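Notes for the structure review
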Amino acid sequence: MGFRVLLVEPDRLMLEQLSMTISKTPGFELVARYQAASDALGQGTVFKPNIILLGADGQKAPELIRDFRRLYPDVSIICMGEQWRADSAAHLVQAGARGYIVKPFTSDELKNAVEAFAKSGMVVGGETYTFFSPKGKSGKTTLIANLAMELARRSRAKVGIIDADLQFGDMAVFFSLSPTSTIVEAARDAEFLSPVTLAPYFMPVTENVHVLCGTRAPNLIDRVSIASLERIIRIAQSLYQYLLIDVPPAFNPTSIAASELSTTTILVAMINGGYEIEHMREALEIFKDWPDYEDRVKAVFTRVTPCDRASQEEIGRALGFPVAGIIPNAYEEVSTAADSGMMAVDIEASSPFAQSVSKLVSKIMGRHSSGWRSV
Amino acid sequence: MSSAEQETINGVVISFFSTASSVGKTLIGINMAAELARQGARVVLVDYDLQFGDVCNYLQLEPEQTLMDAQRSIQLTGSSFDVRECLTPYSCRNIMFAVLAAPRKLEEAYNIETSVAQKVIEHLQGLFDYVIVDTTSMFSELNLMLLDISTIVTYLGVVDFLPTIKNMKIGSDTLRTLGYDSEKIRLVLNRSNAKTRISSEDVQKLLKQEFYYVLPNDFQAASQSIIDGKPLVLEHQDIALSDAIRGLVGLYSNRSLGGVEEPARREHKSSLLGRLFG
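Predicted model, so just to flag it, every value in this text is computed and none were measured.

1. Examining the overall build of chain A
The number of helices and strands found in chain A is 18 helices and 13 strands. For a compact globule of 375 residues, the expected C-alpha radius of gyration is about 21 Å, and chain A comes in at 23 Å, within 12% of that figure. For chain A, the C-alpha atoms occupy an extent of roughly 70 × 40 × 40 Å along the three principal directions. When burial is assessed residue by residue, chain A has 59% of its 375 residues classed as buried. Long-range contacts, defined as pairs at least 24 residues apart, comprise 71% of the intrachain contacts of chain A with a sequence gap of at least 6. Carbon together with sulfur atoms contributes 51% to the accessible area of chain A, which is approximately 15,500 Å² in total. If you average the places of the 37 positive and of the 43 negative side-chain charges in chain A, the two averages end up 5 Å apart.

Quick look at the structure:
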């Protein structure tokens, strides 16, 4: 069965325009349309819609959504508005809407919105992880890519990656992607984007893992303003249950902005015989400005040898801060996997590397039940 | 004072740049400074990896003054400031060179102005034969300034895995786009014989550029010199890496001691780069 749409739009001209778009979209049938919500509430049920597109710009929108939910309990409600805003969209979803679309929309946008939201609904209360490293070569890109795959596999939730390492982002290489759009195009259009229209800028790796790839050349960094990056992150938070953000090393406007917008910032450093622990300790000092930093900041070390609890505790003592995860040296596995466009967790599920990643995934999934401490 | 004595001679600025971290910029920079000093030159080593610089860590120095003090001094006194007050001397086996340390605190590092950083280098050029500058791995405003004012840029790379090669290529293309003389940018391969799946010959083809110089891998000696806080060329003069660094210094200072290595032999064919760059 196709989609039977009930359209509620107070503006007469907009109602006409949207009606035409819906009617010409394959798989969609406009079964009823109203300017007044009260008419739709009173009369619309007889047309048995399975999608309601509801003009919801006003203050009373959440109340209206609750009324529609009572009368149409099994119908997906997608709100329509002039411009997407994270806070108001979240209120609408909390009131019972499944998604949000900016009007006027095209046939493709309508199809994308229904595909994205009718099944799983817009994400509210997802988690955002920014991966910060004091210096480069921390192993964090490898970690993010493998975490994303394992997290999606175990949670069955949607996982998004934003490659905001704006000069030398490697996510596209890790996943063997040839992106048709990157963070540069998303930043260019950010002001006009909503979750539905941002989604196609992400490249699918699997059904549930999508990547917004980094810039193609270092000079393009200037095209991604901090304001646009922040907007992209906020919109993406409505698309993905888990949003993982790769940022350039050290403290810079990009890494600071992404960390501020995250539920958790994971500090990553590679043990390499140098001063990695000292650098991590200095970086932690900055994050201590957050009153909840002990909960919000986690330390992870890569290339730890031997990769065991004793090492983890020893590093934690040297750091003066608990180490949430350790990852063993896995140059062979990771590079072999990367050369075939795969992730090490897929190729060697039982390897020490995959098991360490899996432990971290357990902690992320158990976040709300003190998983970071208990696993 | 005669007019000849008043003439300022601007020293050579050698900066170390890369597009990936942990390729050995600091270690090679320190050893180049030490070797030039051993040859009798007046040398200063400047740490412009402002936030997490390791020069003082690797040399076990505890500087009393840093670049931050130089910035304060410039802001207070203008052009009459004396950068020498901000330097820390380093000495090993009677060989001495000066170090300008990166700021101690991250918030200080974050607030260093590029114009000040440039003024400092220019002052140092008037005092030293060689100004060796360590940097971070990105095209930041600070690094672009350094690339501009450097006499020689050592573009250091390692061949480990695909993302590093991709970034080396992007960096090489960007440097070309910026229009620097090919003589100025010197592509140096570090850790040439390290375990890797990619041949350095393929990398040269990809970069459309031959390595100017190739340094061998000696992870153990490098790690030990960091632990000891002493440059390899002074403490372990007879190892291959020290020999190679001396050779590179010879080329830079036009006092060649010989020993330019052939680029690493192709070990096995790889189509990996083709996948990346077509």
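Read on, since the account is not over.
2. Observations concerning the overall build of chain B
The helix and strand tally for chain B stands at 13 helices and 8 strands. Of all 278 residues assigned to chain B, the portion counted as buried reaches 59%. As presented, chain B carries roughly 12,200 Å² of accessible surface, and 47% of it is formed by carbon and sulfur atoms.

3. Looking at the sheet that holds strand β4 (residues 76-81) of chain A
Residues and elements named next belong to chain A. With parallel pairing, the 5 strands of this open sheet are ordered in space as β2-β1-β3-β4-β5. The open sheet has two free edges, formed respectively by β2 (28-34) and β5 (99-102), since each of these has just one partner strand. Between one strand axis and the next, the sheet turns through 25° on average, direction left out of account. Bridge analysis of strand β1 (residues 3-8) against β2 gives 6 bridges, and the strand direction is parallel. Note on β2: the bridge partner recorded for Leu-6 is Ala-32. Against the sheet, helix α5 (residues 107-120) contacts β1, β2, β3 (51-55), β4 and β5, and its axis sits at roughly 165° relative to β5.

4. Some remarks on the packing of aromatic side chains
Tallied over the full model, the rule gives 14 aromatic pairs over all chains. Centroid distance A:Tyr275 to B:Tyr58: 6.1 Å. Interplanar angle 35°. Geometry classified as tilted. Of this pair, A:Tyr275 sits in the loop between β11 (264-270) and α12 (276-287) while B:Tyr58 sits in helix α3 (residues 55-59), placing the two residues on different chains. The residues A:Tyr275 and B:Tyr58 share a single accessibility class, namely buried. Members of the aromatic cluster, connected to one another through ring pairs, are A:Phe132, A:Phe251, A:Phe287 and A:Trp290. Over the ring of A:Trp290 we find A:Arg296; its NZ or CZ atom is 3.6 Å from the centre of that ring.

5. As for the interface of chain A and chain B
At the junction of the two partners, chain A supplies 33 residues and chain B supplies 33 residues. Summed over both sides, the interface between chain A and chain B buries roughly 3,100 Å², with carbon and sulfur atoms accounting for 56% of that surface. Scanning the region where chain A abuts chain B turns up 4 salt bridges. Across the pair A:Lys135 and B:Asp49 runs a salt bridge whose closest N-O atoms are separated by 3.0 Å. Linking chain A with chain B are 13 residue pairs in polar contact (both at pLDDT 80 or more). Mapped onto the side of chain A that touches chain B, the elements with two or more residues apiece are α7 (171-174), α11 (253-260), α12 and α15 (331-339) of chain A. Top contributing element to the side of chain A that touches chain B by residue count: α15(A), with 6 residues. Across the side of chain A that touches chain B, the residue classes tally to 14 nonpolar, 12 polar and 7 charged.

6. Quick look at the pattern of salt bridges
Pairs can form between side chains of opposite charge once their charged atoms are near each other. All names here are of chain A. One pass over the structure, following the stated rule, counts 27 salt bridges over all chains. For Glu-16, the salt bridge is made with Arg-12, and the minimal N-O distance between the two is 3.0 Å. Of the two residues, Glu-16 and Arg-12 both sit in helix α1 (residues 12-24), 4 residues apart, roughly one turn of that helix. Judged by relative accessible area, Arg-12 falls into the partly exposed class, the value being 45%. Residues joined in a network through salt bridges with shared partners are Glu-9, Asp-57 and Lys-103.

7. Considering the side chain of A:Ser138
All names here are of chain A. Here Ser-138 shows up in the loop between β6 (127-132) and α6 (140-155). Among the residues examined, Ser-138 registers a relative accessible area of 4% and is labelled buried. At 3.2 Å, the side chain of Ser-138 forms a polar contact with the backbone nitrogen of Lys-140. Residues contacting Ser-138, with those up to four places away along its chain left out, are Ser-133, Val-268, Ala-269, Met-270 and Thr-302.

8. Describing the sheet that holds strand β12 (residues 297-302) of chain A
Residues and elements named next belong to chain A. The sheet built from 8 strands is open, its strands ordered β8-β9-β7-β10-β6-β11-β12-β13 with mixed pairing. Taken across any chain shown, the strands that pair with only one partner, and hence form the sheet edges, are β8 (203-204) and β13 (323-326). Where β8 meets strand β9 (residues 209-212), 2 bridges bridge the pair, whose relative direction is antiparallel. Counted as the bridge partner of Met-203 is Val-211 from β9.

9. Let's talk about the packing of α6(A) against helix α17 (residues 352-365) of chain A
Residue and element names in this part refer to chain A. For the pair α6 and α17, the least separation of the axes is 9 Å and the interaxial angle reads 65°. Where α6 crosses over α17, the handedness of that crossing is right-handed. The residues of α17 that touch α6, namely those facing Thr-142, Leu-143, Asn-146, Leu-147, Glu-150, Leu-151, Arg-154 and Ser-155, are Phe-353, Val-357, Ser-358, Leu-360, Val-361, Ser-362, Ile-364 and Met-365. For the contact of α6 with α17, the residue count by class is 9 nonpolar, 5 polar and 2 charged.

10. Brief notes about unusual backbone geometry
Residues and elements named next belong to chain A. A cis amide bond links Lys-103 to the next residue, Pro-104, at an omega of -5°. Here Pro-104 shows up in the loop between β5 and α5. Cis peptide bonds are those with omega within 30 degrees of zero, and the linkage from Thr-305 to Pro-306 qualifies with -10°. Of note, Pro-306 is situated in the loop between β12 and α14 (309-319).

11. Details of the pairing of β5(A)
All names here are of chain A. The side-chain alternation of β5 yields two buried faces, one formed by Gly-99 and Ile-101 and the other by Tyr-100 and Val-102. In this structure, β4 lies alongside β5, joined through 4 bridges in parallel fashion. Each residue of the ladder has a partner; that of Cys-79, found in β5, is Tyr-100. The handedness of the β4 to β5 crossover, carried by helix α4 (residues 86-95), is right-handed.

12. Observations regarding the nonpolar core
Judged by nonpolar contacts, the single largest core of 72 residues is most densely connected at A:Leu6, A:Leu53, A:Phe68, A:Ile162, A:Ile183, A:Leu198 and A:Ile232. The residues touching A:Leu6, leaving out its near neighbours within four places in the chain, are A:Val31, A:Ala32, A:Tyr34, A:Ala40, A:Gly44, A:Pro49, A:Ile51, A:Ile52, A:Leu53, A:Phe68 and A:Tyr72. Among the nonpolar cores identified, the runner-up in size contains 48 residues, and B:Leu45, B:Tyr58, B:Cys92 and B:Leu156 belong to it.

13. Notes on helix α6 (residues 114-127) of chain B
Taking 1.5 Å of rise per residue, the 14 residues of α6(B) would be expected to cover 20 Å, and the 20 Å separating its terminal C-alpha atoms lies within 8% of that figure. Of the surrounding secondary structure, the elements contacted by the buried residues of α6(B) are β1 (12-17), β2 (43-47), α4 (67-77), β4 (95-100), β5 (130-134) and α7 (141-149) of chain B.

14. Here's the deal with the environment of A:Met20
Residues and elements named next belong to chain A. As for its position among the elements, Met-20 is in helix α1. Relative accessible area serves as the criterion here: at 60%, Met-20 is assigned to the exposed category. When the C-alpha atoms of Met-20 and Phe-301 are compared, they prove to be 56 Å apart, with 281 residues separating the residues in sequence.

What counts and what doesn't
Residues numbered from 1 in each chain as written. Chains lettered and ligands numbered in written order. Predicted model: local features only at pLDDT ≥ 70, side-chain atom pairs only at ≥ 80, totals over all residues. Heavy atoms only, no water. Helix = DSSP H or I, 4+ residues; strand = E, 2+ residues; numbered from the N terminus. Rg over C-alpha atoms; globule rule 2.2 N^0.38 Å. Buried < 20%, exposed > 50% of the residue type's maximum accessible area, 1.4 Å probe, protein only. Contact = heavy atoms within 4.5 Å. Areas by Shrake-Rupley, 256 points an atom, 1.4 Å probe, with all protein chains shown as cover. Lys, Arg positive; Asp, Glu negative; His and termini not counted. Charge placed at Lys NZ, Arg CZ, Asp CG, Glu CD. Pairing = 2+ DSSP bridges. Axes fitted to C-alpha atoms, helices over the stretch in contact; angles between N-to-C directions. Phe/Tyr/Trp six-rings, centres within 6.5 Å; stacked < 30°, edge-to-face > 60°. Lys NZ or Arg CZ within 6 Å of the ring centre and 35° of its normal. Buried area = accessible area lost by both parts, 1.4 Å probe. Salt bridge = Lys/Arg side-chain N within 4 Å of Asp/Glu carboxyl O. Polar contact = N/O pair within 3.5 Å; in protein donor to acceptor, adjacent residues only side chain to side chain. Nonpolar A, V, L, I, M, F, W, Y, C, P; charged D, E, K, R; others polar. Left-handed = near helix turned anticlockwise from the far one by under 90°. Right-handed = clockwise from strand over helix to strand, strands pointing away. Core = buried A, V, L, I, M, F, W, Y, C linked by side-chain atoms within 4.5 Å. Expected span 1.5 Å × (residues − 1).

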